[in-house]
Amino acid sequence: AQKITQTQPGMFVQEKEAVTLDCTYDTSDQSYGLFWYKQPSSGEMIFLIYQGSYDEQNATEGRYSLNFQKARKSANLVISASQLGDSAMYFCAMRRNTGKLIFGQGTTLQVKP
Amino acid sequence: GAVVSQHPSWVICKSGTSVKIECRSLDFQATTMFWYRQFPKQSLMLMATSNEGSKATYEQGVEKDKFLINHASLTLSTLTVTSAHPEDSSFYICSAGTFDEQFFGPGTRLTVL
């Protein structure tokens, strides 16, 4: 079964600290992609970072990095130096070889001042 | 990144009426677009894949006669919720892009009274 699991419904982090949001996946596809999106209260889905299944290096985009451990089927998002504006819902998603995206349940992150 | 727009951003309608939601790719051509539905505090659920020039492909459990999708051009897909009922109230989001990049529209909040 193709599945994305985010086990943390809610997370708190102190401003300027780093935080890791967990994501594990299950797929039988040989080629797939992993995404992280941020969804603030406005509802828009903001693309953060992408990791292809054949990429050997972990993806990084500014303060975001993706800790990709293929053997463990995990793709955790690390946000460094958290900011108040990082408070939002975060979704991990997997792109199947059909092009469709499957989303995890989401993690609500709250950054405390 | 590429821009995807949706119109309207929110709509309130009476039970039994039909509502059309537009999804446009503004600066690129999209042969495939995806439509999602999101209930409050839940994840995005893929409803259907919209294919330019051909019939949409619906996910299991999604009524194709209720959620009519038309992808008449490379930049426009429409979702029509026919005979809307209060249980159809939700946040509808479209996406478009390439195999490795999916850009989301800002979403349409539908409330059926």
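Please refer to the structure placed before this passage.
Calculation notes
Residues numbered from 1 in each chain as written. Chains lettered and ligands numbered in written order. Predicted model: local features only at pLDDT ≥ 70, side-chain atom pairs only at ≥ 80, totals over all residues. Heavy atoms only, no water. Pairing = 2+ DSSP bridges. Helix = DSSP H or I, 4+ residues; strand = E, 2+ residues; numbered from the N terminus. Axes fitted to C-alpha atoms, helices over the stretch in contact; angles between N-to-C directions. Contact = heavy atoms within 4.5 Å. Buried < 20%, exposed > 50% of the residue type's maximum accessible area, 1.4 Å probe, protein only. Polar contact = N/O pair within 3.5 Å; in protein donor to acceptor, adjacent residues only side chain to side chain. Core = buried A, V, L, I, M, F, W, Y, C linked by side-chain atoms within 4.5 Å. Phe/Tyr/Trp six-rings, centres within 6.5 Å; stacked < 30°, edge-to-face > 60°. Salt bridge = Lys/Arg side-chain N within 4 Å of Asp/Glu carboxyl O. Disulfide = S-S within 2.5 Å.

### What about the sheet that holds strand 1 (residues 4–7) of chain B?
All names here are of chain B.
Thinking step 1. Pairing in this open sheet of four strands is antiparallel, and the strands run 1-3-8-7 from one edge to the other. The two strands at the open ends of the sheet, each matched to only one other strand, are strand 1 and strand 7 (67–73). Shown here is a sheet whose adjacent strand axes are inclined to one another by a mean of 15°, direction ignored.
Thinking step 2. As paired elements, strand 7 and strand 8 (residues 76–81) share five bridges and run antiparallel to each other. The partner of Ile-69 across the bridge, within strand 8, is Leu-79.

### Details of the environment of Ser-83 of chain B
All names here are of chain B.
Thinking step 1. With respect to the secondary-structure elements, Ser-83 resides in the loop between strand 8 and strand 9 (90–97).
Thinking step 2. In this structure the C-alpha to C-alpha distance between Ser-83 and Thr-17, which are 66 residues apart in sequence, comes to 4.9 Å.
Thinking step 3. Ignoring sequence-local partners within four residues, the contact set of Ser-83 consists of Gly-16, Thr-17, Ser-18, Lys-66 and Asp-88.

### Quick notes on the environment of Thr-108 of chain B
Residue and element names in this part refer to chain B.
Thinking step 1. If you trace the backbone, Thr-108 turns up in strand 11 (residues 108–112).
Thinking step 2. Accessibility expressed as a relative area gives 0% for Thr-108, which makes it buried.
Thinking step 3. Taking the C-alpha atoms as reference points, Thr-108 and Ile-93, 15 residues apart in sequence, are found 6.4 Å from one another.
Thinking step 4. If near-sequence neighbours (up to four positions away) are discounted, Thr-108 is found in contact with Gln-6, His-7, Pro-8, Ser-9, Val-11, Ile-21, Ser-90, Phe-91 and Tyr-92.
Thinking step 5. Only 3.1 Å separates the side chain of Thr-108 from the side chain of Gln-6, close enough to count as a polar contact.
Thinking step 6. Polar side-chain contacts of Thr-108 include one of 2.5 Å to the backbone oxygen of Pro-8.

### Some remarks on the environment of Leu-113 of chain B
Residue and element names in this part refer to chain B.
Thinking step 1. Checked against the element boundaries, Leu-113 lands in the segment after strand 11.
Thinking step 2. For the pair formed by Leu-113 and Gly-16, sequence separation is 97 residues and the distance between their alpha carbons is 9.4 Å.
Thinking step 3. Sequence-distant contacts of Leu-113, defined by excluding residues within four places in its chain, comprise Ile-12, Cys-13, Lys-14, Ser-15 and Pro-86.

### Quick notes on the nonpolar core
Nonpolar side chains tend toward joint burial in soluble globular proteins.
Thinking step 1. Val-4, Trp-35, Phe-67, Leu-79, Tyr-92 and Leu-110 of chain B are the most contacted members of the largest nonpolar core, which has 25 residues in total.
Thinking step 2. Counting only elements with at least two residues in this core, the list comes to strand 2 (10–13), strand 3 (19–25), strand 4 (32–38), strand 5 (44–51), strand 7, strand 8, strand 9 and strand 11 of chain B.
Thinking step 3. Every residue in contact with Leu-79 of chain B, bar those within four places of it in the chain, is listed here: Val-19, Lys-20, Ile-21, Trp-35, Phe-67, Leu-68, Ile-69 and Tyr-92 of chain B.
Thinking step 4. The next biggest cluster of nonpolar side chains, apart from the first, holds 24 residues, and it includes Val-19, Tyr-32, Tyr-64 and Ile-79 of chain A.

### A look at the packing of aromatic side chains
Between two aromatic rings, the relevant description is the distance of the centres plus the angle of the planes.
Thinking step 1. Scanning all chains against the criterion turns up 13 aromatic pairs over all chains.
Thinking step 2. Note on Phe-35 of chain A and Tyr-50 of chain A: the rings are 4.8 Å apart at their centroids and 55° apart in plane angle, and the pair reads as tilted. With Phe-35 of chain A in strand 5 (residues 33–39) and Tyr-50 of chain A in strand 6 (residues 46–52), this pair connects stretches of sequence that are 15 residues apart. Grouping residues by exposure puts Phe-35 of chain A and Tyr-50 of chain A together as buried.
Thinking step 3. The interplanar angle of 90° and the centroid separation of 5.6 Å between the aromatic rings of Phe-103 of chain A and Tyr-36 of chain B together place this pair among those described as edge-to-face. Separated into two different chains, Phe-103 of chain A in strand 11 (residues 101–103) and Tyr-36 of chain B in strand 4 make up a pair that spans both. There is no split in this pair, since Phe-103 of chain A and Tyr-36 of chain B are both buried.

### A short note on the pattern of salt bridges
When the charged atoms of two side chains with opposite charge come close together, those side chains can pair.
Residues and elements named next belong to chain A.
Thinking step 1. Scanning the model with the defined rule gives six salt bridges over all chains in all.
Thinking step 2. Across the pair Asp-26 and Lys-73 runs a salt bridge whose closest N-O atoms are separated by 3.5 Å. Of this pair, Asp-26 sits in strand 4 (residues 24–26) while Lys-73 sits in the loop between strand 8 (64–69) and strand 9 (74–79), placing them 47 residues apart in sequence.

### Here's the deal with the state of the cysteines
Thinking step 1. Applying the stated criterion across every chain, the model contains two disulfides over all chains.
Thinking step 2. One disulfide bridge connects Cys-23 of chain A with Cys-92 of chain A, the sulfur atoms lying 2.0 Å from each other. Every disulfide takes its handedness from the sign of the S-S torsion; for Cys-23 of chain A and Cys-92 of chain A that torsion is -65°, giving left-handed. Of the two residues, Cys-23 of chain A is situated in the loop between strand 3 (19–21) and strand 4 and Cys-92 of chain A in strand 10 (residues 88–95); the sequence distance between them amounts to 69 residues. We note that Cys-23 of chain A, like Cys-92 of chain A, is buried.
Thinking step 3. At a sulfur-sulfur separation of 2.0 Å, the disulfide partner of Cys-23 of chain B is Cys-94 of chain B. Its S-S torsion of about 85° marks the bond between Cys-23 of chain B and Cys-94 of chain B as right-handed, since a negative value means left-handed. With Cys-23 of chain B in strand 3 and Cys-94 of chain B in strand 9, this residue pair connects regions lying 71 residues apart in the sequence.

Everything listed here is a matter of geometry and, on its own, says nothing about what the molecule does.
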